[in-house]
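Inside the fold
Spelled out, the chains give:
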Amino acid sequence: MSVKEARVPDIGGFADIPVIEILVAVGDRVKVDQGLVTLESDKATMEVPAPYTGIVRELKVKLGDTVAEGSVVALIEQEGGLTVEETAEPEPEPVAAAPVPAAPAPEATPAAPAPATSAPAPAASTPAATQSPPVSFDSARVDPAKVAYASPAVRLFARELGVDLDKLAGTGRNGRILKEDVQRFVKSALAGGGTVPVVSAGGGLNLLPWPKVDFARFGEVETQPLSRIKKISGANLARNWAMIPHVTQFEQADITEMEAFRKRLGEENKEVKITPLVFMIKAAVAALQAFPTFNASLDDSGENLVLKKYFHIGIAVDTPDGLVVPVIRDCERKGLLQLAGELAEISKKARDKKLGPAEMSGGCFSISSLGGIGGTAFTPIVNAPEVAILGVSRSSMQPVWNGKEFTPRLMLPLSLSYDHRVIDGALAARFAAFYARQLSDIRRLLL
Ligand code: CAO
């Protein structure tokens, strides 16, 4: 039996971390890995685990002391020669060498293999105390960035209730998770979800309560109820924004020739208004055919992609009561004039509040055009379960370099938002470039 030091492990380069709890007393028998003291950084609390099974002979820190990696927190009389590494599986795990966010301190030697048995300590700071052998720590357990921010008591409470603290947002100081947060989470779960939105493809969110403000305290106000459409679309937009990792790819299409053709077509067909949007729909079909990942949805498990062989395009329509997204079906089978007619029809129906639920379902990909209004770019929200949406802004004449000189070209700004779980940035850039090429040379739409 020998007395050995229990030291603060690699805590990601943090220094001057205060000790906020002493979890053991002198004379206590501790098991390997048992928490000795709790440290608290700005971002997390973490326990310093006992590297040995044994008896606590001396505590080297008290409440409020600050420590860093390597600080001795206790002296433990070792029993049975068990260290964290010695009790690990025979297969050596690469955790000791795994990178941690901050560079290890120069004196740390975590990657060195630990001796199989406790070697006699060559240099001891006190006659009885010996230096800890290198200990491999589970960085996920001690890395403050990876550990939920809660006291051990709250952790124990959550463990007893089977609550995963990673799913909670704390309302305590610096986002610390409190017992009340755990209680609120459990109540919400028992009530069937409550404020914890959950999607099948991912985890849940537990957000801070919405700020309650008495606006009238600051000046005159008027309260208007939200329309039914706004309430429904708002809930959908909030879920999609929160649950889908969005990225927006911006692109420009030279639509000079397309516009000239559209104008000619309009003069020849006075009975229906042909706006740039019908060309966007046709280009969308071509791009979805060339990039099937965009014409897909995650299934309920979130582990499979369902690729669709049909091309139903949703069109965001602005109505006095809010945004609706009717769907034009089988766009690959329809020509520009037919699409123009259907677009006019669904826009009118939307504004007259005559759209049925069937006309707003089954979409594969959506287009949100603000081109009739203005703007140079925006970040549309993916319309789940679709995986991408194209935002179209107002075209404008731009000087474009053709290799010899600047020429005036009509440029159309495109903003393609996509679900990054399904679509990689490179694929999105290719899709957007392909899409722009279709519009720049609409003969390609015939291919
Ligand atoms: N660049 C320049 N001009 C454009 C254009 C563009 N990208 N897109 C349309 N235009 C022009 C049209 O040619 C038309 O011009 P004329 O009146 O001179 O013929 C004018 O703008 C108005 O077009 P429109 O908006 O009536 O028709 P559309 O086919 O382009 O769009 C619809 C139809 C239903 C999509 C549209 O009316 C609408 O509701 N847009 C809003 C969608 C929306 O709110 N999206 C936001 C979602 S995110 O919150």
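Above this note sits the structure.
One structure accompanies this document, and this report is about it. Everything quoted here is computed from the prediction, not taken from an experiment.

Points about the site of the ligand
- Looking at the ligand, there are 23 residues lining it, with Thr 275, Asp 318, Arg 351, Ser 368 and Ser 395 nearest.
- Arg 351 has a polar side-chain atom sitting 2.8 Å from an oxygen atom of the ligand.
- A distance of 3.0 Å separates a nitrogen atom of the ligand from a polar atom in the backbone of Ser 369.
- Contact with the protein chains hides 70% of the accessible area of the ligand, taken as 960 Å² for the molecule alone.
- Put simply, the parts of the chain that give the shell around the ligand at least two residues each are α6 (276–290), β14 (317–319), α7 (336–351) and β17 (365–369).

Let's talk about the packing of aromatic side chains
- Under the counting rule described, the total for this entry stands at eight aromatic pairs.
- With centroids separated by 5.6 Å and ring planes inclined at 65°, the aromatic side chains of Phe 291 and Phe 431 adopt a geometry described as edge-to-face. In this pair, Phe 291 is assigned in the loop between α6 and β11 (296–298) and Phe 431 in helix α8 (residues 425–440), connecting sequence segments 140 residues apart. Both residues of the pair, Phe 291 and Phe 431, belong to the buried class.
- In textbook terms, an aromatic cluster arises when at least three aromatic residues are bridged by ring pairs, as seen for Phe 291, Phe 294, Phe 365, Phe 431, Phe 434 and Tyr 435.

Here we look at the pairing of strand β18 (residues 388–392)
- Summarising burial for β18: five of the five residues are buried, a large majority.
- Residue alternation in β18 divides its side chains into two sets, Ala 388, Leu 390 and Val 392 and Ile 389 and Gly 391, and both sets are buried.
- Bridge count between β17 and β18: four bridges; the pairing is parallel. Bridging from a neighbouring strand, Ser 366 pairs with Ile 389 of β18.
- With five bridges connecting them, β18 and strand β20 (residues 406–419) associate as antiparallel partners. Bridged to Ala 388 within β20 is Tyr 418.

Comments concerning the pattern of salt bridges
- Counted by the stated rule, this structure contains 18 salt bridges.
- In this structure, Glu 5 engages Arg 7 in a salt bridge whose closest nitrogen and oxygen atoms are separated by 2.6 Å.
- Overall, the relative accessible area of 5% leaves Glu 5 in the buried class.
- A salt bridge links Asp 321 to Lys 353; the shortest N-O distance between them is 2.9 Å. Here Asp 321, found in the loop between β14 and β15 (322–324), pairs with Lys 353, found in the loop between α7 and β17; they are 32 residues apart in sequence, far enough to count as distant.
- Accessibility expressed as a relative area gives 23% for Asp 321, which makes it partly exposed.
- Take Lys 353: its relative accessible area is 61%, and that puts it in the exposed class.
- It is possible to trace a salt-bridge network through shared partners that takes in Asp 254, Glu 257 and Arg 409.

Calculation criteria
- Residues numbered from 1 in each chain as written.
- Predicted model: local features only at pLDDT ≥ 70, side-chain atom pairs only at ≥ 80, totals over all residues.
- Heavy atoms only, no water.
- Near = heavy atom within 4 Å.
- Polar contact = N/O pair within 3.5 Å; in protein donor to acceptor, adjacent residues only side chain to side chain.
- Areas by Shrake-Rupley, 256 points an atom, 1.4 Å probe, with all protein chains shown as cover.
- Helix = DSSP H or I, 4+ residues; strand = E, 2+ residues; numbered from the N terminus.
- Phe/Tyr/Trp six-rings, centres within 6.5 Å; stacked < 30°, edge-to-face > 60°.
- Buried < 20%, exposed > 50% of the residue type's maximum accessible area, 1.4 Å probe, protein only.
- Pairing = 2+ DSSP bridges.
- Salt bridge = Lys/Arg side-chain N within 4 Å of Asp/Glu carboxyl O.

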